[in-house]
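An overview of the molecular structure
The chain contents come next:
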Amino acid sequence: MTAPAARLPDPFSDRRRWQWLALAAAVGVLVWLLAPILTPFVVSALLAWLGEPLVRRLERGGRSRSIAVLLVFSLMTLVIVLAVLLLIPLIENQVSKFIDWLPRFGAWLTGTAVPWAEQRFNLELASYIDPSAIIELLKKHWQEAGGIAATVFGGVSKSGIAILGWIANLALIPVVTFYFMRDGAGMLARVRDLLPRPVEPVVSQLTHESDQVLGGFIRGQLSVMIALGAIYAIGLTAVGVDLGILIGIVAGLVSFVPYLGAIVGLGAAVIATLVQHGDLMHLALVLGVFGLGQLLESFWLTPWLVGDKIGLHPVAVIFAIMAGGQLFGFLGVLLALPLAAVLVVVMRYAHARYTASQLYGADDAASLPQKDA
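Just so we're clear, the structure is a prediction, and the values are computed from it rather than from any experiment.

1. Considerations on a nonpolar patch on the surface
- Together, Val29, Leu30, Trp32, Leu33, Leu34 and Ile37 line one region of the surface with nonpolar side chains, adding up to about 610 Å² of accessible area.
- The topology assignment puts Val29 in helix α1 (residues 14-60).
- Under the relative-accessibility criterion, Val29 is labelled partly exposed at 47%.

Quick look at the structure:
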């Protein structure tokens, strides 16, 4: 006869509950006070976390931890550098085309779209729409900026200390990322050893579940965003849309919310096609590009890359990002999804504890006599 398993002490008893609340408040205040210097460390931690699965795979293949980290870190650095070198000129060229394209859009809006809407819906719109002022304002500011490079380097003379601080933080990211990738497991083990013993099993379980939820969303959805952005950008450029790359990048970035990227990208692509070409053939080709993108996302990209591991509702993702940005700025945007994933796991744990508690009373309700129907 086996002895019954020893019951672990309650890590969230009434006595400990206030201690955890005080600790959470202290951590929140500390993050708020240190927010200006935490951004490079948070970015580095996220990059190291993204590369950890590949490091473990290389370790299982027989390589040492140091060699695996060096290979993954070099690969990530190469990918980021190539992406920056390729994307910045493309984006700057596309934005320049967009500014040059604005007068054509104004002429199409006042000469075609507004008269059609007035005739179709019997409305008076011409007196309320004057795109010339907005177009001239955008063109003026872009010409004064002189492009992305001129904006960045021109600001050095005006705010040299701020720019130097920004460059220092940027240079700090690869260094901290490498150390997090190499020594992160040891750091986490030391933190785990410091946890109170009654709390350690629960915290370890919740941390593992949070990693699964966040990994399913970030790694999978990031891959879907990149793939969709490339599909839309290449497809729109192939069918002759001058702003295809810019529209594709924007559509890919906002596609973390299902269908939002397709809606935003399709709307922008339809307007750009009508202004540039104004015929049904190009419009049909644009619709075909987004139809193909949606088919690939629904039947291949999302099932393969994301599956059912997201665990975060799209509305929760939007709220988390907006709330994080409002409270902590860019640092809050970086922390929004990790904290949202942890909150989802903690809420599941709290719900399980509540339904098993005397307050919920499931056992008492089950023991009551059932009334005949």
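After that view of the structure, there is still more to cover.
2. So, the confidence of the model for the chain
- The predicted model of the chain averages 78 in pLDDT, with 79% of residues at 70 or higher.
- Per-residue pLDDT, averaged within each element of the chain, yields its smallest value for helix α4 (residues 148-154) (44) and its largest for helix α7 (residues 244-253) (91).
- Within the model, the stretch residues 1-6 combines pLDDT values under 50 with 0 contacts to residues more than four positions away or in other chains.
- Across residues 144-158 the pLDDT falls below 50, and counting only partners more than four positions away or on other chains, this stretch makes 13 contacts in the model.

3. Remarks on the side chain of Glu297
- In this fold, Glu297 is placed in helix α9 (residues 280-306).
- A polar side-chain atom of Glu297 sits 3.1 Å from a polar atom in the side chain of Gln294.
- Filtering out sequence-adjacent residues up to four positions away, Glu297 remains in contact with Val224, Leu228, Thr302 and Pro303.

4. Points about the pattern of salt bridges
- One pass over the full model with this rule turns up 5 salt bridges.
- By sharing partners, the salt bridges in this structure join Glu52, Arg56, Glu59 and Arg65 into a single network.

5. Things to note about the packing of aromatic side chains
- Tallied over the full model, the rule gives 6 aromatic pairs.
- Pairing Phe98 with Trp101 gives two aromatic rings, centres 5.9 Å apart and planes at 25°, and the pair type is stacked. One end of the pair is Phe98 and the other is Trp101, both in helix α2 (residues 65-121) and 3 residues apart, which spans about a single turn.
- Look at Phe98 and you get partly exposed, because its relative accessible area is 28%.
- Through successive ring pairs, a cluster of aromatic residues spans Phe98, Trp101, Phe105 and Trp108.

6. Quick notes on the side chain of Glu200
- As for its position among the elements, Glu200 is in helix α6 (residues 200-238).
- One polar contact links Glu200 to Arg192, side chain to side chain, over a distance of 2.4 Å.
- Here Ser204 takes part through its side chain, which lies 2.8 Å from a polar atom of the side chain of Glu200.
- Every residue in contact with Glu200, bar those within four places of it in the chain, is listed here: Arg192 and Leu195.

The rules behind each value
Residues numbered from 1 in each chain as written. Predicted model: local features only at pLDDT ≥ 70, side-chain atom pairs only at ≥ 80, totals over all residues. Heavy atoms only, no water. Patch = residues over 30% accessible without salt bridge, like charges linked within 9 Å, V, L, I, M, F, W, Y side chains within 5 Å. Areas by Shrake-Rupley, 256 points an atom, 1.4 Å probe, with all protein chains shown as cover. Salt bridge = Lys/Arg side-chain N within 4 Å of Asp/Glu carboxyl O. Helix = DSSP H or I, 4+ residues; strand = E, 2+ residues; numbered from the N terminus. Buried < 20%, exposed > 50% of the residue type's maximum accessible area, 1.4 Å probe, protein only. pLDDT = per-residue confidence, 0-100. Contact = heavy atoms within 4.5 Å. Polar contact = N/O pair within 3.5 Å; in protein donor to acceptor, adjacent residues only side chain to side chain. Phe/Tyr/Trp six-rings, centres within 6.5 Å; stacked < 30°, edge-to-face > 60°.

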